[in-house]
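One-letter residues, chain by chain:
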Amino acid sequence: MRFSAGVSRLRTGLRWTRWPACAIAAGAAGALLAQVYFAAPQTRRRPTEYEVEAAYLYNFGKFVRWPPSTPRSGKLFPICVLGQDPFGPILDATVADEAVNGKEVVAKRISSLEAAAGCRILFIGSSERKQMEQILNQADKMEVLTVSDAPRFLQEGGMIEFVLIQDHVRFEVNLTAARRAGLDLSSELLKVATRVITRKAS
Amino acid sequence: MAARKRNETSISRRLTAMNMLVSGAALLLACLAFLGYTRISFKQSLVSDLTIQARMIGSGTVSAVLFDDAHSARHTLSALRASPHVLYAAVYRPDGRRFAEYRRDLGRPSLPFHPPPAGKVQAHWFERGQVTLVRSVSFQGKPAVVVSIQSDLGQLHSLMVRYAEIIILVLCGSLIAAFLVSRISQKSISAPIVKLAEIARAVSRDTNYSIRARPQGRNDEISFLVESFNGMLAQIQERDNALEEARSNLEERVNLRTAELEQARESLRTLSGQLIRTQDDERRRIARELHDSSGQVLAALGLNLALMEMESSRLSPQAARALSDSLTLVQDMTKELRTISHLLHPPLLDETGLAPALRWYVEGFSQRSNIAVQLDLTPELGRLPRDVETAVFRIIQECLTNIHRHSGSPTARVRIVRAAEAVTVEIHDDGAGMAPGADGNSSGPSRPGVGIQGMRERVRQLSGVLEIQSGKGGTTVQAVLPLLSADLGPAVV
């Protein structure tokens with residue numbers, strides 16, 4: 001059962017790849033990333049928390065299906081950072097030459113939620129913790145995957161929350177929030193999530 | 001019956017063996033081809049199964065690799081426990097670092113990373129009863145995972161063993177079926193041949209060429225064989241008949257010729273018998289003539305001379321002496337004439353019988369030849385038929401003459417034994433024996449004497465047997481003359 005589920009997921013994933021040129025570009029970018037990440041394993045330094053989170057951030061995009069009504073933003077796959085940016089240049093370096101579903105991944109820093117139109121993934125910095133609930137309420141209508149490393153993010157209605165477990169970056173998923181926004185999370189993603197909650201945000 | 005059995009077995013068994021060999025070989029070949037095909041297709045399906053598993057594992061572990069969740073990957077891999085033939089499986093990152101692995105048995109070492117060759121997503125190889133498959137799985141257009149699966153070929157081996165068992169069973173069953181079918185179907189082939197062989201044996205055993213093989217009513221080689229065989233028999237029979245006819249013709253002619261010869265011989269025999277009788281009659285007549293006329297003349301002459309001698313005193317002394325001489329000459333001549341006459345045909349033979357005639361003759365012979373002759377006669381010899389008495393006398397006369405002329409024997413013995421139905425005459429001497437071929441039994445270079453031939457003819461005329469035995473101890477002539485009851489005269493004088 002599990003295998004067949006995996007195959008159907010794989011097929012779905014392949015269907016996403018609509019433009020071969022972009023696929024090739026993405027492949028090349030992936031290879032480059034792999035070289036950056038994994039070359040010379042003996043001397044390789046352990047990636048920092050934010051480097052891992054930056055990589056996870058765009059990889060999430062590969063396991064999410066947006067509703068067809070989502071406004072198109074051309075051949076770009078924008079990842080937006082709201083509030084204080086913890087990644088700095090790491091994010092830009094990580095997503096450089098990467099592609100999700102054949103679209104070029106770009107990093108955008110935004111100061112207000114209004115600028116988040118067209119974003120596919122919205123990272124909300126912990127600096128916005130106080131107005132998180134309000135932000136999330138608005139974001140629900142924007143069909144955007146909300147990610148944060150702020151504590152209690154899921155409880156406040158966020159979709160994916162980075163957690164640190166034994167110095168390893170893991171993540172938890174609020175499936176209800178994602179579904180409410182019309183996003184379809186792949187079971188493959190849920191499989192590797194530390195925790196998947198389905199209760200409604202209060 | 002035993003021969004028939006043997007014959008039948010030799011042809012039938014050979015046909016059956018050939019059929020079974022052919023069908024067995026064809027079946028074995030087919031089975032081997034099937035086995036080989038099964039082996040290849042099983043390997044192909046095994047590889048395709050492994051490919052599916054590798055793809056499933058690959059797509060199932062992509063997220064685990066991307067989000068560095070080895071636990072999830074191991075969980076995915078652990079599903080392989082459902083495939084007991086999978087020995088080992090591993091998930092690698094695209095750069096070759098092992099991410100997670102699965103072992104069926106705890107002690108199994110990890111496999112080193114063998115990526116598929118450049119430009120290919122998958123590779124597999126068989127070695128040491130195991131198959132290893134490596135597949136690179138891409139996600140979102142990028143190589144994301146390399147999966148390696150190793151499986152044993154136990155399934156293949158057990159399948160092969162099971163198929164081999166089935167093949168052996170099928171082979172045995174098919175051979176039995178082929179045997180039965182062949183036994184039934186070949187009867188139409190071997191039975192006519194066996195029948196033909198039987199007929200051929202009967203023909204050669206009984207030399208009976210009138211037997212014919214029954215035609216098969218088909219149009220194949222066997223009926224051609226039967227036809228040819230029958231044709232051959234007909235020819236042989238024809239020649240046999242012709243030969244038989246020629247033989248009987250020849251026999252008839254031989255019989256005819258033999259009868260002619262027999263007739264000629266018979267007339268010759270009659271002729272010689274007549275000759276002998278004529279000779280005997282002639283001798284008797286001459287002897288009587290000599291005795292009756294010449295003897296009377298000589299007697300008269302002697303009487304006259306005796307009368308003249310009474311008057312001899314009146315004659316001159318010369319004349320008287322001549323007269324005396326003449327008288328002596330007449331007396332000698334009378335004696336001589338009588339001897340010749342009696343030798344030609346002893347009057348005693350007709351008058352008093354064989355015994356006195358023989359006694360007279362033997363006595364005279366001994367005197368003339370100085371050969372001591374012993375004469376043994378059966379006391380009750382009596383009178384015999386005239387032909388027999390004449391023959392016995394002439395045989396003895398001839399033999400003694402021969403003894404005197406040729407043998408040089410000083411003695412001779414004559415024996416006559418009379419039995420109820422035959423009289424046996426035996427003349428023996430102690431001389432040098434006869435020269436080979438002189439006994440008249442063969443017509444060698446030295447012609448037998450006419451005397452012996454005459455003896456034989458006499459004996460044959462009387463249906464008797466003449467035997468001559470000659471050697472260093474002398475010669476014995478034995479004649480046995482049958483006495484026919486009609487001719488048997490009284491045994492009195």
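Owing to the predicted nature of the structure, the values given are computational and were not obtained by experimental measurement.

Asker: When you look at the confidence of the model for chain B in this model, what are you seeing that I'm missing?
Answerer: Low-pLDDT stretches of the model should not have their predicted coordinates read in fine detail. Residues and elements named next belong to chain B. This prediction gives chain B a mean pLDDT of 84; 93% of its residues lie at or above 70. Contacts for the low-pLDDT stretch residues 442-447, under 50 throughout, to residues beyond four places or in other chains number 5 contacts. Contacts from residues 487-493, a stretch scored under 50 in pLDDT, to residues over four places away or in other chains number 13 contacts. Note on the complex model: pTM 0.51, ipTM 0.72.

Asker: I keep staring at the pairing of strand 3 (residues 122-127) of chain B and nothing clicks. Help me out?
Answerer: Residues and elements named next belong to chain B. The sheet contact formed by strand 3 and strand 4 (residues 130-139) spans 6 bridges and is antiparallel. Paired with His124 across the bridge in strand 4 is Leu133. From the end of strand 3 to the start of strand 4, which pair antiparallel, there are 2 residues, and Arg128 there has a positive phi angle of about 50°.

Asker: Looking at this structure, how should I read a nonpolar patch on the surface?
Answerer: Residues and elements named next belong to chain B. Together, Met18, Leu21 and Val22 make up a nonpolar patch on the protein surface, roughly 320 Å² of accessible area in all. You can see Leu21 is positioned in helix 1 (residues 2-66). Taking relative accessible area as the criterion, Leu21 reaches 58% and is therefore assigned exposed.

Asker: Just to check I follow, could you spell out the side chain of B:Thr378 for this structure?
Answerer: Residue and element names in this part refer to chain B. Mapped onto the elements of the fold, Thr378 is located in the loop between strand 6 (372-377) and helix 8 (386-407). With relative accessibility at 13%, the residue Thr378 sits in the buried group. Here Ile416 takes part through its backbone oxygen, which lies 2.6 Å from a polar atom of the side chain of Thr378. Within the structure, Thr378 has its side chain in polar contact with the backbone nitrogen of Arg418 (distance 3.1 Å). Residues in contact with Thr378, not counting those within four places in the same chain, are Ile416, Val417 and Arg418.

Asker: It is not clear to me how the pattern of salt bridges should be interpreted in this structure. Could you clarify?
Answerer: Side-chain pairs of opposite charge can arise where the charged atoms are in close proximity. Residues and elements named next belong to chain B. Throughout the structure, instances matching the rule amount to 28 salt bridges over all chains. Residues Arg103 and Glu101 are paired through a salt bridge, measuring 3.1 Å at the closest nitrogen-oxygen approach. Exposure remark for Arg103: the relative accessible area of 25% places this residue in the partly exposed category. Salt-bridge contacts for Asp152 lead to Arg104; the nearest nitrogen and oxygen are separated by 3.6 Å.

Asker: Mind showing me how you'd approach helix 2 (residues 70-78) of chain B here?
Answerer: Side chains that are three or four residues apart share a direction in an α-helix, a result of its 3.6 residues per turn. Considered for burial, the residues of helix 2 of chain B that qualify are B:Ser72, B:Ala73, B:Thr76 and B:Leu77. The arc that holds every buried residue of helix 2 of chain B, seen down its axis, measures 140°, which confines them to one face.

Asker: Whenever I open this one, the side chain of B:Thr16 confuses me. Can you help?
Answerer: Residue position: B:Thr16 is located in helix 1. Leave out the neighbours within four places in its chain, and B:Thr16 touches B:Phe179, B:Ser182, B:Arg183 and B:Gln186.

Asker: How should I be thinking about the packing of aromatic side chains in this particular structure?
Answerer: Aromatic ring pairs are defined here through the distance separating the ring centres and the angle between the ring planes. Residue and element names in this part refer to chain A. On inspection of all chains with the given rule, the structure shows 17 aromatic pairs over all chains. A centroid spacing of 5.6 Å and a plane angle of 75° characterise the contact between Trp66 and Phe77, whose relative ring orientation is edge-to-face. Of this pair, Trp66 sits in the loop between strand 1 (64-65) and strand 2 (76-82) while Phe77 sits in strand 2; the two residues are 11 residues apart in sequence, bridging distant segments of the chain. Residue classification places Trp66 among the buried positions, given a relative accessible area of 10%. Overall, the relative accessible area of 1% leaves Phe77 in the buried class.

Asker: Any chance you could explain the environment of B:Ala90 here in plain terms?
Answerer: Residues and elements named next belong to chain B. Relative to the helices and strands, Ala90 is located in strand 1 (residues 86-92). On the basis of relative accessibility, which here comes to 0%, the residue Ala90 falls in the buried class. For Ala90 and Ile57, which are 33 residues apart along the polypeptide, the C-alpha to C-alpha distance reads 9.4 Å. Filtering out sequence-adjacent residues up to four positions away, Ala90 remains in contact with Arg98, Ala100, Glu101, Val146, Val147 and Ser148.

Asker: Explanation requested: the confidence of the model for chain A in the structure shown.
Answerer: Of all residues in chain A, 74% attain a pLDDT of 70 or more, and the chain-wide mean is 76. Contacts of residues 36-43 of chain A to residues separated by more than four positions or lying in other chains number 11 contacts, the stretch itself having pLDDT below 50.

Asker: Just checking my understanding: could you explain the sheet that holds strand 3 of chain B for this structure?
Answerer: Adjacent strands of a sheet pair through backbone hydrogen bonds, lying either parallel or antiparallel. All names here are of chain B. Taken in spatial order, the 5 strands of this open sheet run 2-1-5-4-3, and their pairing is antiparallel. Two strands lie at the open edges of the sheet, namely strand 2 (98-103) and strand 3, each paired on one side alone. Between one strand axis and the next, the sheet turns through 10° on average, direction left out of account.

Asker: Whenever I open this one, the sheet that holds strand 2 of chain A confuses me. Can you help?
Answerer: All names here are of chain A. Taken in spatial order, the 8 strands of this open sheet run 3-4-2-5-6-7-8-10, and their pairing is mixed. Of all strands in the sheet, those with a lone pairing partner are strand 3 (99-100) and strand 10 (195-197), marking the two edges. The pairing of strand 5 (residues 121-124) with strand 6 (residues 145-148) spans 4 bridges and is parallel. Bridge pairing in strand 6 links Ile124 to Ser148. On the sheet, helix 3 (residues 49-60) packs against strand 2, strand 3, strand 4 (103-110), strand 5, strand 6, strand 7 (160-165) and strand 8 (168-174) and is oriented at approximately 35° with respect to strand 8.

Asker: It is not clear to me how the nonpolar core should be interpreted in this structure. Could you clarify?
Answerer: Grouped burial of nonpolar side chains is what soluble globular proteins tend to show. Core analysis: the biggest nonpolar cluster contains 72 residues, and A:Leu57, A:Phe60, A:Leu145 and A:Phe171 have the highest contact counts within it. The dominant element in this core, judged by the number of residues it contributes, is helix 1 of chain B, at 11 residues. In this structure, A:Phe60 is in contact with A:Leu145, A:Val147, A:Ile160, A:Phe162, A:Phe171, A:Leu189 and B:Phe67, ignoring residues within four places of it in sequence. Judged by nonpolar contacts, the second largest core, of 38 residues, contains B:Ile395, B:Ile403, B:Val414 and B:Leu462.

Asker: Quick question: what am I supposed to make of the state of the cysteines here?
Answerer: Each disulfide consists of one covalent bond between the sulfur atoms belonging to two cysteines. Residue and element names in this part refer to chain A. Summed over the entire model, instances satisfying the criterion amount to 1 disulfide over all chains. A sulfur-sulfur separation of 1.6 Å characterises the disulfide bridge that pairs Cys80 with Cys119. Residues Cys80 and Cys119 are joined by a disulfide whose S-S torsion is about -75°; by sign, that bridge is left-handed. Here Cys80, found in strand 2, pairs with Cys119, found in the loop between strand 4 and strand 5; they are 39 residues apart in sequence, far enough to count as distant. For the pair formed by Cys80 and Cys119, the shared burial category is buried.

Each value, and the rule that gives it
Residues numbered from 1 in each chain as written. Chains lettered and ligands numbered in written order. Predicted model: local features only at pLDDT ≥ 70, side-chain atom pairs only at ≥ 80, totals over all residues. Heavy atoms only, no water. pLDDT = per-residue confidence, 0-100. Contact = heavy atoms within 4.5 Å. Pairing = 2+ DSSP bridges. Helix = DSSP H or I, 4+ residues; strand = E, 2+ residues; numbered from the N terminus. Patch = residues over 30% accessible without salt bridge, like charges linked within 9 Å, V, L, I, M, F, W, Y side chains within 5 Å. Areas by Shrake-Rupley, 256 points an atom, 1.4 Å probe, with all protein chains shown as cover. Salt bridge = Lys/Arg side-chain N within 4 Å of Asp/Glu carboxyl O. Buried < 20%, exposed > 50% of the residue type's maximum accessible area, 1.4 Å probe, protein only. Polar contact = N/O pair within 3.5 Å; in protein donor to acceptor, adjacent residues only side chain to side chain. Arc of directions from axis to C-beta. Phe/Tyr/Trp six-rings, centres within 6.5 Å; stacked < 30°, edge-to-face > 60°. Axes fitted to C-alpha atoms, helices over the stretch in contact; angles between N-to-C directions. Core = buried A, V, L, I, M, F, W, Y, C linked by side-chain atoms within 4.5 Å. Disulfide = S-S within 2.5 Å.

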